[in-house]
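Single-letter residue listing:
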Amino acid sequence: MIASRQSVRVLPGLVRGFHASDAVRSAGLGSPAEPATGGPSQVQAAVESLRKRLAQGERARKPDWLKREVPGGAKYTAIKSKLRELKLATVCEEARCPNIGECWGGADGHTATATIMLMGDTCTRGCRFCAVKTSRAPPPLDPDEPAKTAEAVAEWGIDYVVLTSVDRDDLPDMGSAHIAATIRGLKERTGGRLLVEALVPDFQGDHACIDLVAGAGLDVFAHNVETVPRLQRLVRDRRANWEQSVAVLRRAKELGVAVTKTSIMLGCGETADEVTEALRLLRVAGVDVVTLGQYMRPTKRHMAVAEYVTPEAFSAFQKIAEDLGFLYVAAGPMVRSSYRAGEFYLTKHLQNKQ
């Protein structure tokens, strides 16, 4: 008998979340709850067939812990309407974030928030994990975008905002002045009350660009290393690398930024030891906050998921990171770099004051 989907164990060597019953059913040997029509040799053949399909990039079945409801609700609709009115882009939509309904809708009493994506919706880089559009020559910047962003965020009445952006390697300053102007506009429009996190590009390591953004009055300087050192070339655009990204974060810290932050995706083929070493290197560089989340393939054209990491494994990595001395660690299958960022930041600081 083939066990039901709920009770079957994940076979060693297969992507977590893809079950033996999937292999049997796909080979026509029976449904998950029905007897297989073939013997052990046929079941093994089905498993081997599944291995080959996974090696060719076939998408693994998502575990239950990665499922999300369709977004909706009054807050979600209001934020979406305002963004459309002002023609602002969000990474929530462009990157097809699975948490968009929760973040925009303020689910379960959480603060409703959106991450504004500056400088348009087209990036000059082509990372293998990212769903954002790419082009060597994106449209010109909207000079009114900093003011529009301040208007939208001020109207929402939130306490914390995350700014992110596409890469603009086509511009002389790679968009750093545009980002800095947006930060200053937000602070001025809210009388300094608003906490601003900026998730920025690597600016090709240019100190002048980093200095301009870091000195604009932000509260959190974020830049994502995305994955462990060994997988940089596989996961990211050829112009990005571990050393350059860590140098950007180190530079921001040297300039006196209060909090620096980065994010690592798991499920790209990294080992546990590599994740631990990456976390250690980030702490050595002075990074204060780290988030770890599950990589989820946005389309079949993108890099395949190597593994669905369990919630228990994320908890273990969180403990390792906390022991290394990070100011705050957010780790879980659905965690993204800007996922409920304000709550993570504010909660930690409130705890420190108690």
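Each value, and the rule that gives it
All residue numbers here refer to positions counted from 1 along the written sequence of the relevant chain. Where local features are concerned, this predicted model is filtered to residues with pLDDT of at least 70; where side-chain atom pairs are given and counted, the filter is 80 or more; whole-chain, interface and lining totals use all residues. Working from all heavy atoms in the structure, the side-chain values ignore hydrogens and water. Basic side-chain nitrogens of Lys or Arg form a salt bridge, by our definition, when they fall within 4 Å of a carboxyl oxygen of Asp or Glu. Burial classes: relative accessible area under 20% of the type maximum marks a residue as buried, over 50% as exposed, and values in between as partly exposed (1.4 Å probe, protein chains only). Each helix is a run of DSSP H or I of at least 4 residues and each strand a run of E of at least 2, with the numbering of both proceeding from the N terminus. In this scheme, a helix's expected span is set at 1.5 Å multiplied by one less than its residue total. Directions drawn from the helix axis to the C-beta atoms are what define this arc. Any two strands between which DSSP finds at least two bridges are classified as paired. Convention used here: a crossover is right-handed provided that the path from the first strand, over the helix, to the second strand proceeds clockwise when the strands point away from the viewer. Polar contacts, as counted here, are pairs of nitrogen or oxygen atoms within 3.5 Å of one another; within protein the pair requires one atom able to donate a hydrogen and one able to accept it, and residues that are adjacent in sequence qualify only if both atoms are side-chain atoms. UniProt positions are given in the numbering used here, feature names are shortened, and annotations may be inferred rather than shown by experiment. In this description, contact between two residues means that some pair of their heavy atoms is separated by no more than 4.5 Å.

Visitor: Describe the pattern of salt bridges, and please don't skip the residues or the numbers.
Guide: Applying the stated criterion across every chain yields a total of 15 salt bridges. Between Arg168 and Asp170 there is a salt bridge whose closest N-O contact spans 2.9 Å. Taking relative accessible area as the criterion, Asp170 reaches 33% and is therefore assigned partly exposed. Through salt bridges with shared partners, one network takes in Arg125, Asp167, Asp169, Asp202, Asp237 and Arg239.

Visitor: Before we move on, can you summarise helix H11 (residues 272-284) with the specific residues and values?
Guide: Look at H11: 19 Å from first C-alpha to last across 13 residues, which is about the 18 Å you get at 1.5 Å a residue. Of all the positions in H11, only Glu274, Val275, Ala278, Leu279 and Leu282 are classed as buried. Burial along H11 is one-sided: seen end-on, the buried residues are contained in an arc of 135 degrees. Across from the buried face of H11, at angles greater than 90 degrees, the exposed residues are Asp273 and Val284.

Visitor: Give a detailed account of the pairing of strand S6 (residues 195-199), specifying residues and quantitative values.
Guide: Within S6, 5 of the 5 residues are buried, which leaves the element mostly enclosed by the surrounding structure. Neither face of S6 is open: one carries Leu195, Glu197 and Leu199, the other Val196 and Ala198, and all of them are buried. For strand S5 (residues 160-165) and S6, the ladder comprises 5 bridges, and the chain directions are parallel. Counterpart to Val161 in the pairing with S6 is Val196. Between the parallel elements S5 and S6, the chain passes through helix H7 (residues 176-189) in a crossover that is right-handed. Taking the sense of rotation as the criterion, the β-α-β connection linking S6, helix H8 (residues 207-214) and strand S7 (residues 220-222) turns out right-handed.

Visitor: Account for the side chain of Lys261, with residues named and values stated.
Guide: Looking at the element boundaries, Lys261 is found in strand S8 (residues 259-266). What makes Lys261 buried here is its relative accessible area of 6%. At 3.0 Å, the side chain of Lys261 forms a polar contact with the side chain of Glu197.

Visitor: With reference to specific residues and values, describe unusual backbone geometry.
Guide: Most peptide bonds are trans, and most residues other than glycine sit at a negative phi. Positive phi, close to 55 degrees, is recorded for Gln204, a residue that is not glycine. Within the element layout of this structure, Gln204 appears in the loop between S6 and H8. A relative accessible area of 43% places Gln204 in the partly exposed class. A positive phi angle, close to 75 degrees, is found at Glu226, a residue other than glycine. One can find Glu226 in the loop between S7 and helix H9 (232-235). Given a relative accessible area of 15%, Glu226 falls into the buried group.

Visitor: Would you mind going over the UniProt feature "binding site: [4Fe-4S] cluster 2" (unreviewed entry) in the protein in detail, with residue names and values included?
Guide: Per the UniProt entry, the sites bearing "binding site: [4Fe-4S] cluster 2" (unreviewed entry) are Cys123, Cys127 and Cys130 in this numbering. Locating Cys127 in the fold gives a position in the loop between strand S3 (122-123) and strand S4 (133-134). If sequence neighbours within four positions are ignored, Cys127 has contacts with Val235, Arg236 and Asp237. With respect to the helices and strands, Cys130 occurs in the loop between S3 and S4. Looking at Cys130, the relative accessible area reads 24%, which means it is partly exposed.

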